[in-house]
Amino acid sequence: MTNTLIAAVAAIIIFVFVLDLLRRGVLKEKYAVLWLFIAGVGLFFAVFPGLLDWLGTRLGVGAPVNLLFFVLGVVLVLVSVQLSYELSRHEARIRRLAEEIALLRQQMDRFDRDV
Amino acid sequence: MVGARELVAIPAWNEAGIIAQVVKKVREHRPGASVLVVDDGSTDGTAVAAESAGATVVSLPFNVGVGGAMRTAFLYGQRGGFTAVVQVDADGQHDPAELNRLIDGLAEADVVVGTRFHPESMYFVGGPRKWAMVLLSKALTRMNKSPISDPTSGFRAAGPRAIELFSTQYPAEYLGDTVGSLSIAIRNGLVIRETPVTMYYRAHGRPSKNALWSALYLGRATLALIATVLKKPNSSRSDEA
């Protein structure tokens, strides 16, 4: 029973933490939704541990908790890849803006000299 | 070319010691051309030195790499209505006396690459760096159906069609700028030719080569090539370039 309690508390902490970040406007909704979903799934299995056992046996996984770890691992990898994608896009955009700023500054300097 | 407007673009990062000399040499050998120094976030007064030598200077707010600097130059060239953009390194490795040969080549091609590999060349490389260059050269030559023996050469000229293309699509990643831009050009149906050039060992500044660098070179070069070959041609995502 302690196991479920720890899992439930952890899920609730993540829930509250993410909601607080969202409330303060630090985290955008599209990322918050993802973490809330993950915390929600965690909380669900913490409250109904029998469900995980049932699912584990149905899928033929020896220790049902391994199923949880596996799914969690896959989800975290997918999240990381998505973040790398966003980061790459932002890098490209920032670089592009730097180029535009450089060109604008040169035009401004020329304008200042001519006037 | 009648009504030709030429832009000699020099991407420079902390080359204050030599940039003025390079700019003066370019102006001497190609008096009709505009000289643009793209100051890639230098902290050593490169911009001031280039400006006093008579170049137009565009200063990037931070270092974006040669690829980003060159895309800035192509944007400048495209918006300014230039019909030729020639890239020359800021460190004095390229001889501005050979500008004429590169620009003349544009009569029959969209991109002219100055190759450092030819019978009279004093330029030699070895080890993983050489394997990478051979691999890249073979792959690009096959795509181009005409030899590209030195795909990483930074001494090259671009005509109107290439300027239009490169102003929106120019890879900014390391090595992507030289190799990737050629692959993008080929895939968009541009004609690429090469002409022999002389390579001078870095007149100033420290060479960007060491043991680790050349070891990483092979892998990164291969990755750069794979990335550009896999990229969809005519991609509308210009911000991803």
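Position numbers for residues count from 1 along each chain, tracking the sequence in the order it is written. Whichever chain is written first becomes A and whichever ligand is written first becomes 1, with later ones labelled in order. At least 70 in pLDDT is required for a residue's local features to be given in this predicted model, at least 80 for side-chain atom pairs to be given and counted, and no such filter applies to totals for whole chains, interfaces and linings, which use all residues.

## Regarding the overall build of chain A
A run of H or I in DSSP counts as a helix once it spans at least four residues, and a run of E counts as a strand once it spans at least two, with each numbered from the N terminus. If you tally the helices and strands in chain A, you get 4 helices and 0 strands. Here the C-alpha radius of gyration of chain A, 23 Å, is well above what a compact globule of 115 residues would show, namely 13 Å. Put simply, a residue is buried when 20 or more other C-beta atoms lie within 10 Å of its own C-beta and exposed when 12 or fewer do; between those, it is partly exposed, and each C-beta is set from the backbone. Looking at chain A residue by residue over its 115 residues, the buried ones come to 8%. By sequence separation, contacts in chain A at least 24 residues apart represent 40% of the contacts at least 6 residues apart. Atoms counted for the radius of gyration: C-alpha only. Globule rule: 2.2 Å times residue count to the power 0.38. Two residues qualify as a contact pair if the distance between their C-beta atoms, derived from the backbone, is within 7 Å.

## Topic: the sheet that holds strand β5 (residues 111-115) of chain B
All names here are of chain B. The pairing criterion is simple: DSSP has to find at least two bridges between the two strands. Pairing is mixed in the open sheet, where 7 strands are placed in the order β3-β2-β1-β4-β6-β5-β7. The open sheet has two edge strands with one neighbour each: β3 (56-60) and β7 (192-196). Taking each pair of neighbouring strands and ignoring which way they run, the sheet shows an average axis angle of 20 degrees. Pairing of β5 with strand β6 (residues 156-158) involves 3 bridges; the strand directions are antiparallel. Looking at the pairing, Val112 lines up with Ala157 of β6. Packed onto the sheet, helix α1 (residues 19-29) meets β1 (6-12) and β2 (34-40) and runs at close to 160 degrees relative to β2. Lines are fitted to the C-alpha atoms to define the axes, a helix being fitted only along its stretch in contact, and any angle between axes, read from their N-to-C directions, falls within 0 to 180 degrees.

## Quick notes on the confidence of the model for chain A
Per-residue confidence for chain A gives a mean pLDDT of 87; residues scoring 70 or more make up 99%. For every residue, the predictor states its confidence as a pLDDT score lying anywhere from 0 to 100. When mean pLDDT is compared element by element in chain A, helix α4 (residues 64-114) of chain A scores highest at 90, while helix α3 (residues 49-59) of chain A scores lowest at 83.

## As for the domain arrangement of chain A
Delimitation of the domains relies on an automatic or database domain assignment. Along its sequence, chain A is organised into domain 1 (1-47) and domain 2 (65-115). Put simply, the middle of domain 1 of chain A and the middle of domain 2 of chain A, counted by C-alpha atoms, are 27 Å apart.

## A closer look at the nonpolar core
Residues and elements named next belong to chain B. By definition, a nonpolar core groups buried Ala, Val, Leu, Ile, Met, Phe, Trp, Tyr and Cys residues that connect through C-beta atoms lying within 7 Å of each other. By size, the foremost hydrophobic cluster in this structure holds 75 residues, and its most contacted members are Val8, Ala9, Ile19, Leu36, Val37, Val85 and Val86. Top element by residues in this core is helix α3 (residues 65-79). It accounts for 7 residues. What Ala9 contacts, discounting residues up to four positions off in sequence, is Leu36, Val38, Met70, Ala73, Val85, Val86 and Gln87.

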